[in-house]
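What the coordinates show
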Amino acid sequence: MVETSTPTRNTPYTVRTAEGRPAILEPDHPAPADPAAWAAEHRAFLRAAVAEHGALLVRGLGLRDAPAVGRVARELLDEVVTEREGFAARRMLADGVYSSSEWPADQPMCMHHELSYAREVPGTLLFACLTAPASGGVTGLADAHEVLRALDPALVARFEREGWLLDRNYTDTVGVGLSASFGSADRADVEAYCADRGIEAVWQGNGDLRTRQRAEAVLTHPGTGRPGWFNQIAFLNEWTLDPVIREYLKFEFGEDGLPFNSRYGGGGALDEDTVLAINAVYEQHTLREPWRPGDLMIVDNLRMAHSREPYEGEREIAVVLGDPVARPGRA
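Note that the coordinates shown come from a computational prediction; the quantities given were computed from them, not determined experimentally. (Residues numbered from 1 in each chain as written. Predicted model: local features only at pLDDT ≥ 70, side-chain atom pairs only at ≥ 80, totals over all residues. Heavy atoms only, no water.)

Some thoughts on the pairing of strand β17 (residues 260-264)
Most of β17 is tucked away, with 5 of its 5 residues classed as buried. Inspection of the sheet shows strand β12 (residues 164-170) paired to β17 by 5 bridges, in the antiparallel sense. In the sheet register, aspartate 167 faces β17, and the bridge partner there is asparagine 261. (Buried < 20%, exposed > 50% of the residue type's maximum accessible area, 1.4 Å probe, protein only. Helix = DSSP H or I, 4+ residues; strand = E, 2+ residues; numbered from the N terminus. Pairing = 2+ DSSP bridges.)

Focus: the packing of aromatic side chains
Any two aromatic rings considered together are summarised by their centre-to-centre distance and by the angle between their planes. A complete count under the given rule lists 10 aromatic pairs for this structure. With a centroid separation of 5.7 Å and an interplanar angle of 55 degrees, the aromatic rings of tyrosine 13 and tryptophan 38 are classed as tilted. Of this pair, tyrosine 13 sits in the loop between β1 (2-3) and β2 (15-17) while tryptophan 38 is found in helix α1 (residues 35-41), placing the two residues 25 residues apart along the sequence. A relative accessible area of 7% means that tryptophan 38 is categorised as buried. Their ring planes at 40 degrees and their centres at 6.3 Å tell us that tyrosine 13 and phenylalanine 45 sit as a pair that is tilted. Of the two residues, tyrosine 13 is situated in the loop between β1 and β2 and phenylalanine 45 in helix α2 (residues 43-53); the sequence distance between them amounts to 32 residues. Considered together, tyrosine 13 and phenylalanine 45 belong to a single accessibility category, that of buried residues. A cation over a ring is seen here: arginine 158 above tyrosine 264, with NZ or CZ 3.5 Å from the ring centre. In this structure, arginine 187 is placed above the aromatic ring of tryptophan 203, and the distance from its NZ or CZ to the ring centre is 4.2 Å. (Phe/Tyr/Trp six-rings, centres within 6.5 Å; stacked < 30°, edge-to-face > 60°. Lys NZ or Arg CZ within 6 Å of the ring centre and 35° of its normal.)

Let's talk about the sheet that holds strand β19 (residues 304-308)
Hydrogen bonds between backbone groups are what pair the strands of a sheet, and the pairing can be parallel or antiparallel. Read from one edge to the other, the open sheet built from 3 strands follows the order β8-β19-β11, with strand pairing classed as antiparallel. Both outer strands of the open sheet, β8 (109-112) and β11 (141-143), are each paired with one neighbouring strand and no more. Recorded for the sheet is a direction-independent mean angle of 15 degrees between the axes of neighbouring strands. Bridging between β11 and β19 involves 3 bridges; their strand directions are antiparallel. Directly across from alanine 142, in β19, lies its bridge partner alanine 305. (Axes fitted to C-alpha atoms, helices over the stretch in contact; angles between N-to-C directions.)

Notes on the sheet that holds β17
Ordered by their spatial adjacency, 4 strands build an open sheet running β13-β14-β12-β17, and the pairing between neighbours is antiparallel. Of all strands in the sheet, those bounded by a partner on one side alone are β13 (200-203) and β17. Neighbour-to-neighbour, the strand axes of the sheet open up by a mean angle of 15 degrees, direction not taken into account.

Topic: the environment of arginine 47
In this fold, arginine 47 is placed in helix α2. Taking relative accessible area as the criterion, arginine 47 reaches 29% and is therefore assigned partly exposed. When the C-alpha positions of arginine 47 and leucine 76 are compared, they lie 7.8 Å apart, and in sequence the two are 29 residues distant. Each residue touching arginine 47, except ones within four places of it in the same chain, is listed here: Leu76, Leu77, Asp78, Thr124 and Asp323. (Contact = heavy atoms within 4.5 Å.)

Quick look at the pattern of salt bridges
All told, the structure shown has 23 salt bridges when counted by the stated rule. For aspartate 143, the salt bridge is made with arginine 303, and the minimal N-O distance between the two is 3.0 Å. Of the two residues, aspartate 143 sits in strand β11 while arginine 303 sits in the loop between β18 (296-300) and β19, which places them 160 residues apart along the sequence. Comparing aspartate 143 with arginine 303, the two get one shared label, buried. One salt bridge in this structure joins glutamate 238 and lysine 250, with 2.6 Å as the shortest N-O distance. (Salt bridge = Lys/Arg side-chain N within 4 Å of Asp/Glu carboxyl O.)

Section: empty space enclosed by the protein
Overall, the coordinates contain 3 cavities of 30 Å³ or more when judged by the stated rule. Here the largest cavity defines a volume of roughly 140 Å³. Around the largest cavity sit 14 residues that line it, and Ser100, Ser101, Met109, Phe127 and His306 are the ones nearest its centre. Only β8, β19 and β21 (316-326) provide two or more residues apiece to the lining of the largest cavity. Examining the composition of the lining of the largest cavity, we find that 3 residues originate from one element, β19, more than from any other. Looking at the lining of the largest cavity residue by residue, the class counts come to 4 nonpolar, 6 polar and 4 charged. (1 Å grid on protein atoms, 1.4 Å probe; cavity = no way out; pocket = protein on both sides within 12 Å on 5 of 7 lines; lining within 4 Å. Points joined across faces, edges and corners; volume = space filled by probe spheres on them. Nonpolar A, V, L, I, M, F, W, Y, C, P; charged D, E, K, R; others polar.)

Description of the layout of surface pockets
If a probe the size of a water molecule is rolled over the atoms, the empty space left behind becomes visible. Estimates place the volume of the largest pocket at around 440 Å³. What lines the largest pocket is a set of 19 residues, among which Trp103, Pro104, Leu241, Ile245 and Phe260 lie closest to the centre. Across the lining of the largest pocket, the residue classes break down as 14 nonpolar, 3 polar and 2 charged.

The values reported here are purely geometric and, on their own, carry no functional implication.
Next comes the structure, spelled out in structure tokens:
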């Protein structure tokens, strides 16, 4: 493990980095009696470390419950965000604090940037480990700048020209409901929300809603000035789904009835090899560190994609979305 210089002065802490692992801060003293007060005292240092490394795993804070995570979040973030347009259900654990997305424990959640298809994107994510799994369950990270450099230039060029599309189907039986996604199940409210954000919305004869939204696939980071592969093209695509689940959903809801699916911005379908190639590049650039109870991970969502690997045992990761960034849509 190689120690790096701290990004600010007048602090006793050193951020450590090593190949294949995220930047880690592990104070050599007992957990603070008040983690929120500690976070407030060291806010500038912590945020500078995230700006330098893209993410920072802070050990030894002793975070044990969601309200404590919420207090820390209010000290570290400029603004806490209420999630809208999420692709998987969450539970509300405390004010502004969610559970991690509900996803089968034996299935991976592939690399993605949170809400990268939305007009307003959380700039910062907090993950806090309340219960570490018996095995697996790592929240992997990948630098969007490096991923973009490693992808096939022809593929990148097409997505830069066209952007990407996200198709979604809202039903009563699968996926996230209207209230969780749009803040209301009232048809007029949903239509107004979608119109304001450039989301095409079509009501089906059975009352279900089908939407399509467009977004850029590459984002220039406002802090680094460097372009990055910022999207959920591979994760929210049918070829990333477990084959058994994919075929069941298509049988039940039809070829165009999947809860979500991504496309080229011009409407063309992605083939399996393309999706696998994107995920392979992510794998080559993944940083991993097993969770320990009480850990806090601060992530620059504009720069770092994140994933969740399969796990065994109980796992409780509290999540806070913050520091919203408005980004233009693609007409």
